[in-house]
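Residue strings, one per chain:
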Amino acid sequence: MGALTRFRVIAYVTGVCLLILVLVAMPLRYLAGHDLVMAVIGPVHGFAYMVYLVLAFDLAMKCRWSLKGTVLVLLAGTIPFVSFVAERKVTTRLKAGQRI
């Protein structure tokens, strides 16, 4: 359960960082010419995504997910809102005793 909790936390952090990046930082950079938000949130999201990959892979190994399920969950941190959906599905399925 500790691995699942760590995954859930980083999934939310990664998702929020990506939303800030896409909905705030990129418009500010390209429409208003302000690079500061992008310079801060870009590396934060990059780091959070790397941690997301490690923790998702760790959970996949511990729960013996299928290769397809593992790859889909790993890619979920790259598309806005999808990390939230993936976190919910993973949590629901693992608590029900199902494989991913």
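For the structure given in this document, a descriptive report is provided here. (Residues numbered from 1 in each chain as written. Predicted model: local features only at pLDDT ≥ 70, side-chain atom pairs only at ≥ 80, totals over all residues. Heavy atoms only, no water.)

**Thoughts on the nonpolar core**
- Core analysis: the biggest nonpolar cluster contains 20 residues, and Phe7, Tyr52, Leu59, Trp65, Val73, Val90 and Leu94 have the highest contact counts within it.
- Those elements giving two or more residues to this core turn out to be α1 (2-32), α2 (36-63), α3 (67-75) and α4 (82-95).
- Top contributing element to this core by residue count: α2, with seven residues.
- Aside from chain neighbours lying at most four places away, what touches tyrosine 52 is Phe7, Ile10, Ala11, Thr14, Val73, Leu74, Ala76 and Gly77.
- One finds Cys17, Leu18, Met38 and Ile41 within the second-largest nonpolar core, a separate group that totals six residues. (Core = buried A, V, L, I, M, F, W, Y, C linked by side-chain atoms within 4.5 Å. Buried < 20%, exposed > 50% of the residue type's maximum accessible area, 1.4 Å probe, protein only. Helix = DSSP H or I, 4+ residues; strand = E, 2+ residues; numbered from the N terminus. Contact = heavy atoms within 4.5 Å.)

**With respect to the side chain of glutamate 87**
- Secondary-structure assignment places glutamate 87 in helix α4.
- Residue classification places glutamate 87 among the buried residues on the basis of a relative accessible area of 0%.
- Among all residues touching glutamate 87, those that are not within four sequence positions of it are Phe7, Arg8, Ala11 and Tyr12.

**Comments concerning the layout of surface pockets**
- Considering only enclosed or pocket space, the largest pocket measures out at about 200 Å³ in volume.
- Ranked by the residues each element gives to the lining of the largest pocket, the list is headed by α4, at six residues. (1 Å grid on protein atoms, 1.4 Å probe; cavity = no way out; pocket = protein on both sides within 12 Å on 5 of 7 lines; lining within 4 Å. Points joined across faces, edges and corners; volume = space filled by probe spheres on them.)

**Brief notes about the pattern of salt bridges**
- This structure, assessed with the given rule, holds four salt bridges.
- We note a salt bridge from glutamate 87 to arginine 8, for which the minimum N-O separation is 2.5 Å. On the criterion of sequence distance, the pair formed by glutamate 87 in helix α4 and arginine 8 in helix α1 is long-range, its members being 79 residues apart.
- Among the ionic pairs, aspartate 35 bridges to arginine 29, the shortest N-O distance being 3.5 Å.
- Under the relative-accessibility criterion, arginine 29 is labelled partly exposed at 34%. (Salt bridge = Lys/Arg side-chain N within 4 Å of Asp/Glu carboxyl O.)

**A few points about α4**
- An ideal rise of 1.5 Å per residue puts 20 Å on 14 residues; α4 measures up with 20 Å between its terminal C-alpha atoms.
- Along α4, the positions that sit buried rather than exposed are Ser83, Phe84, Ala86, Glu87, Val90, Thr91 and Leu94. End-on, the buried residues of α4 take up no more than an arc of 165°, which puts them together on one face.
- Of the surrounding elements, those touching the buried residues of α4 are α1, α2 and α3. (Expected span 1.5 Å × (residues − 1). Arc of directions from axis to C-beta.)

**Here we look at the packing of α1 against α4**
- One can describe the packing of α1 onto α4 by two numbers: an axis separation of 8 Å at closest approach and a directional angle of 165°. In this view, α1 runs roughly antiparallel relative to α4, as classed from their interaxial angle. Crossing of α1 against α4: the hand is left-handed. Contacts from Leu4, Phe7, Arg8, Ala11, Tyr12, Thr14, Gly15, Val16 and Leu19 of α1 reach α4 at Ser83, Phe84, Glu87, Arg88, Val90, Thr91, Leu94 and Lys95.
- Residue classes in the contact of α1 with α4 are distributed as nine nonpolar, four polar and four charged. (Axes fitted to C-alpha atoms, helices over the stretch in contact; angles between N-to-C directions. Parallel < 35°, antiparallel > 145°, perpendicular 65-115°, else oblique. Left-handed = near helix turned anticlockwise from the far one by under 90°. Nonpolar A, V, L, I, M, F, W, Y, C, P; charged D, E, K, R; others polar.)

Purely geometric numbers; function is a separate question.
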